[in-house]
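Descriptive analysis of the structure
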Amino acid sequence: MTALTPESLPEMDLIGRARQLNRAMLNRLTPQRFVFHHVPKCGGTSVGRALRMRYLTSQATVKPEASFRAFQTFTGRNDTERLMYEVNDLRMQMLLYLMYDDVRCISSHVPFSSAAFAEFQGSYKFITLLREPVSRFLSHYNWNRNRPGSHGYIAEEFDAFLATHRARAMGAEFVEIFADLPIDADLRSADAINRAVRHLMGFDLVGRLDDLDGFSRDVRQILGVRVRIRHENKTSQVAGKITLSSLTDTQLAQVRDICAPDIEVWNQVFLP
């Protein structure tokens, strides 16, 4: 530990004054704290970056690849598929750390935490952006299919992938992220779906990717900042891309069955 000396005190005072000035600026320009829950392949990269640009001196994110590698190294395990779900405990702990550290803009691949919501709903706004589930599922498959070396890589061709446990888990992405249930819970159950819907209904804003203009207007009203959302992380040029129009009737029926939990969440949140 470095000993305090008279020479070090002015530097410490300077850092303290800089922090005070930054806090005063934040209170004036971006007073509202918030968490943006980034759901994979729902336009969250573009939204998150637009939001973080407005909170440059008090913003943070939890990245999926980095958090997975950190958790894998800490546990010393290589059972990747199991770790892909267990790592969410670490991510929720990281979320709580950032909130206790008073970071104003948190835009992260982090599941909903009932504990964080209960502790901070008075000071933080909770927002997210969702996408029609079948389109989201196909985009998620295309993204991971073309990322060899990443922890989320999908090795199987599309028809083979549809028969896997991981595909059925990916079709319940909304439930996994928003139900706040243990890793071995049945994410396709009515109880899990209802929990996800109930938590989403408590959010300050749940937007739709197919209405980004409306989402931007709502963000401005809730957070008091104007955001310019660009389109990033596109998968339009990936090799062998699976699209809705390329599916056979049989494949589409399979995908809709796989995505049934998320379709139910979508319908309950958005449809009258």
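Preceding this paragraph is the structure being described.
**Section: the overall build of the chain**
The helix and strand inventory of the chain stands at 13 helices and five strands. For the chain, the C-alpha radius of gyration of 20 Å lies close to 19 Å, the compact-globule estimate for 272 residues. Projected onto its principal axes, the C-alpha positions of the chain cover 75 × 45 × 40 Å. Considering the chain as a whole, with its 272 residues, one finds that 47% of them fall into the buried category. Taking the intrachain contacts of the chain between residues at least 6 apart in sequence as the baseline, contacts between residues at least 24 apart amount to 71%. Summed over all atoms, the accessible surface of the chain reaches about 14400 Å², with 52% contributed by carbon and sulfur. Charged side chains of the chain number 34 positive and 31 negative; the gap between the two group centres comes to 8 Å.

**Concerning helix 3 (residues 64-75)**
The end-to-end C-alpha distance of helix 3, which contains 12 residues, comes to 16 Å, matching closely the 16 Å that a straight helix rising 1.5 Å per residue would cover. Every buried residue of helix 3 is accounted for by S67, F68, F71 and Q72. Buried residues along helix 3 cover an arc of 135° about the axis, so they all sit on one side. Those residues of helix 3 that are exposed and aimed more than 90 degrees away from the buried face are T73 and F74. Of the residues one or two after helix 3, G76 is the one with positive phi, at around 70°.

**Details of the state of the cysteines**
Disulfide: a covalent bond formed between the sulfur atoms of two cysteine residues. Taken as a whole and assessed by the stated rule, the structure comprises zero disulfides. Left without a disulfide partner, C105 is nearest to the cysteine sulfur of C42, which lies 18 Å away.

**Details of the packing of aromatic side chains**
On inspection of all chains with the given rule, the structure shows 12 aromatic pairs. On the basis of an interplanar angle of 40° and a centroid distance of 5.8 Å, the ring pair of F112 and F203 is categorised as tilted. One end of the pair, F112, is in the loop between strand 3 (105-108) and helix 5 (114-120); the other, F203, is in the loop between helix 10 (190-201) and strand 5 (205-208), with 91 residues separating them in the sequence. For the pair F112 and F203, one class covers both residues: buried.

**Re the side chain of T164**
Position of T164 relative to the elements: it lies in the loop between helix 7 (158-162) and helix 8 (165-170). Looking at T164, its side chain comes within polar contact range of the main-chain oxygen of F161, at 2.7 Å. Here A167 takes part through its backbone nitrogen, which lies 3.1 Å from a polar atom of the side chain of T164.

**Structural notes on the sheet that holds strand 3**
Strand order in the open sheet formed by five strands is 2-3-1-4-5, with parallel pairing between adjacent strands. A strand with exactly one partner marks an edge of an open sheet, and here the two such strands are strand 2 (59-60) and strand 5. Contacting strand 1 (33-37), strand 2, strand 3 and strand 4 (124-130), helix 2 (residues 44-54) crosses the sheet at an angle of about 165° to strand 1.

**Digging into the environment of Y97**
As for its placement among the helices and strands, Y97 is situated in helix 4 (residues 80-100). Separated by 121 residues in sequence, Y97 and D218 place their C-alpha atoms 27 Å apart.

**Description of unusual backbone geometry**
For D102, which is not glycine, the phi torsion reads 65° and is therefore positive. Inspection of the secondary structure puts D102 in the loop between helix 4 and strand 3. Taking relative accessible area as the criterion, D102 reaches 30% and is therefore assigned partly exposed. Even without glycine at this site, D180 takes up a positive phi of about 55°.

**Concerning the pairing of strand 1**
Where burial is concerned, most of strand 1 is hidden: five out of the five residues are buried. Pairing geometry for strand 1 and strand 4, over five bridges, is parallel. Its bridge partner lying in strand 4, V35 is registered against F126. When strand 1 meets strand 3, the two strands line up parallel, connected through four bridges. Looking at strand 3, one finds that F34 is bridged to C105.

**Describing the packing of helix 6 (residues 133-145) against helix 13 (residues 260-270)**
Two elements in contact, helix 6 and helix 13, have axes separated by 9 Å at closest approach and are oriented at 135°. Compared by their axis directions, helix 6 and helix 13 come out oblique. Seen from helix 6, the contacting residues are P133, V134 and R136; seen from helix 13, they are D262, I263 and W266. Classifying every residue of the contact of helix 6 with helix 13 by side-chain character gives four nonpolar, no polar and two charged.

Parameters at a glance
Residues numbered from 1 in each chain as written. Predicted model: local features only at pLDDT ≥ 70, side-chain atom pairs only at ≥ 80, totals over all residues. Heavy atoms only, no water. Helix = DSSP H or I, 4+ residues; strand = E, 2+ residues; numbered from the N terminus. Rg over C-alpha atoms; globule rule 2.2 N^0.38 Å. Buried < 20%, exposed > 50% of the residue type's maximum accessible area, 1.4 Å probe, protein only. Contact = heavy atoms within 4.5 Å. Areas by Shrake-Rupley, 256 points an atom, 1.4 Å probe, with all protein chains shown as cover. Lys, Arg positive; Asp, Glu negative; His and termini not counted. Charge placed at Lys NZ, Arg CZ, Asp CG, Glu CD. Expected span 1.5 Å × (residues − 1). Arc of directions from axis to C-beta. Disulfide = S-S within 2.5 Å. Phe/Tyr/Trp six-rings, centres within 6.5 Å; stacked < 30°, edge-to-face > 60°. Polar contact = N/O pair within 3.5 Å; in protein donor to acceptor, adjacent residues only side chain to side chain. Pairing = 2+ DSSP bridges. Axes fitted to C-alpha atoms, helices over the stretch in contact; angles between N-to-C directions. Parallel < 35°, antiparallel > 145°, perpendicular 65-115°, else oblique. Nonpolar A, V, L, I, M, F, W, Y, C, P; charged D, E, K, R; others polar.

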